[in-house]
Amino acid sequence: MEVSATLWVLTIVGLAALIAVDFFIGRKPHDVSIKEAGIWTGVWIALAGLFGLGLLLFGGGRPAGEFFAGFITEKSLSVDNLFVFVLIMAKFAVPSQYQQRVLLIGVLIALVLRAIFIAAGAAILASFSWVFYLFGAFLIWTAWKLIQEARADEEDEEYEENKLLKAVEHRFGVADRYHGTKLWIQQNGKRVMTPMLVVMLAIGTTDVLFALDSIPAIFGLTQDPYIVFTANAFALMGLRQLYFLIGGLLKKLVHLSYGLSIILGFIGVKLVLHALHESGVHVPEISIPVSLGVICAVLIVTTITSLRASKKQAAARETTEMSAESAAKDSVQS
């Protein structure tokens, strides 16, 4: 898909305007209700849908299909990110009324860093076609790693600060408490960061680590930098509202890692087949409609099985608790 410099500028300006509106809405610290989160999640998904329809009308079915496949993939991988965001919020004891501001700035940092990753990835793929093999192998390895982590079932997982974040904290110092939405304060005659800035950096830099698998994944669906960037942008910009909407449901998505591992493994195989085809080897390539169908089917099945498994686990826990209470009563009576 040929994208002019004018269209790039208009797209970036349009996205910047949407981010500004989002910032204006969330500028005042407050507890985000389920209703508010639900409305704005719907708005962001609708905007992504309209953008995809625009691509369909002006670019054709292939760019639109690539965008929707990329958007759904990035959105599903972003949901997995929310698990870590919950851990980060708990680690830094972020007051509930400030969490929406933290997520807004953190996601904005992640969007800028991902744009750099996408530009670098597009340049590398344009110059070295063998990188498709590397991306494909990496995604297959990541899929296997996700399965191992899911089978380990680490319930006591805690967030650990990365080395970059620790270095920044050591260099500038951190205040001992939150000071509203302030990012810097004067403490003992020295300008130091507040925990608000630290947690924003934690969200932004942690998301970059997730980009290590999500960026190769979307390049496995399309090599168009414009579609890669816009799919990532729309997936990330609605992440703040999605955090508050499904925060309570995250623990119920017990099979999400399995679903994501299947998706990443599938895209990894697709990348390897594409690389072989580009090398002159006659192998079948997986089309975008097939990719979109597989991704949607996996996510639907994963969600259904997760909710059923969570319901069974809840019933089993309730039965165990009732049995324990009954045994305790019998012990007292005897």
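Before any of the text, the structure's been laid out above.
Described below are features of the structure shown in this document. Just so it is clear, the model here is predicted, and its values are computed rather than measured.

With that settled, the discussion passes to the pairing of strand 1 (residues 184–187). One face of the sheet, then the other: side chains in a regular strand alternate in exactly this way. Note that strand 1 and strand 2 (residues 190–193) share 4 bridges and pair antiparallel. Across the sheet, Q186 pairs through a bridge with R191, a residue of strand 2. As consecutive antiparallel partners, strand 1 and strand 2 are separated by 2 residues, and within that stretch N188 has a phi angle of approximately 55 degrees, a positive value.

Attention now moves to the side chain of T222. On the secondary structure map, T222 appears in the loop between helix 7 (195–219) and helix 8 (225–237). Engagement of the side chain of T222 in a polar contact is seen with the side chain of E66, the distance being 2.8 Å. Those residues in contact with T222 that sit more than four places away from it in its chain are E66, I227 and V228.

Here we come to the packing of aromatic side chains. When we look at a pair of aromatic rings, we describe it by the centre distance and by the angle of the planes. Taken as a whole and judged by the stated rule, the model has 10 aromatic pairs. Arranged with centres 5.1 Å apart and planes meeting at 55 degrees, the rings of F51 and F67 form a pair that is tilted. Linking F51 in helix 2 (residues 34–59) with F67 in helix 3 (residues 61–91), this pair joins segments that are 16 residues apart in sequence. Each member of the pair F51 and F67 is classed as buried. Seen from their ring centres, F138 and W141 are 6.0 Å apart, and the 35 degrees between their planes marks the pair as tilted. Of this pair, F138 and W141 both sit in helix 5 (residues 131–152), 3 residues apart, which is roughly one turn of that helix. Here the aromatic cluster, defined as three or more aromatic residues joined through ring pairs, consists of W8, F51, F67, F68, F71, Y226, F229 and F234. The side chain of R171 reaches across the aromatic face of F172, ending 4.9 Å from its centre.

So, about the nonpolar core. F67 and F92 are the most contacted members of the largest nonpolar core, which has 76 residues in total. Setting aside residues up to four positions removed in sequence, F67 forms contacts with A48, F51, G52, L55, I227, T230, A231 and F234.

Okay, a nonpolar patch on the surface next. On the surface, L108, V112, I116, F117 and L212 cluster together into a nonpolar patch covering about 410 Å² of accessible area. Ranked by residues supplied to the nonpolar patch, first place goes to helix 4 (residues 99–127) with 4 residues. Of note, L212 is situated in helix 7. Taking the relative accessible area as the measure of exposure, L212 reaches 43% and is therefore partly exposed.

Let us now look at the pattern of salt bridges. On inspection of all chains with the given rule, the structure shows 1 salt bridge. R62 is the partner of E66 in a salt bridge, and the nearest nitrogen-oxygen pair spans 3.2 Å. Highlighted residues: E66 and R62, both in helix 3, separated by 4 residues, approximately one helical turn. A relative accessible area of 8% means that E66 is categorised as buried.

Calculation rules
Residues numbered from 1 in each chain as written. Predicted model: local features only at pLDDT ≥ 70, side-chain atom pairs only at ≥ 80, totals over all residues. Heavy atoms only, no water. Pairing = 2+ DSSP bridges. Helix = DSSP H or I, 4+ residues; strand = E, 2+ residues; numbered from the N terminus. Polar contact = N/O pair within 3.5 Å; in protein donor to acceptor, adjacent residues only side chain to side chain. Contact = heavy atoms within 4.5 Å. Phe/Tyr/Trp six-rings, centres within 6.5 Å; stacked < 30°, edge-to-face > 60°. Buried < 20%, exposed > 50% of the residue type's maximum accessible area, 1.4 Å probe, protein only. Lys NZ or Arg CZ within 6 Å of the ring centre and 35° of its normal. Core = buried A, V, L, I, M, F, W, Y, C linked by side-chain atoms within 4.5 Å. Patch = residues over 30% accessible without salt bridge, like charges linked within 9 Å, V, L, I, M, F, W, Y side chains within 5 Å. Areas by Shrake-Rupley, 256 points an atom, 1.4 Å probe, with all protein chains shown as cover. Salt bridge = Lys/Arg side-chain N within 4 Å of Asp/Glu carboxyl O.

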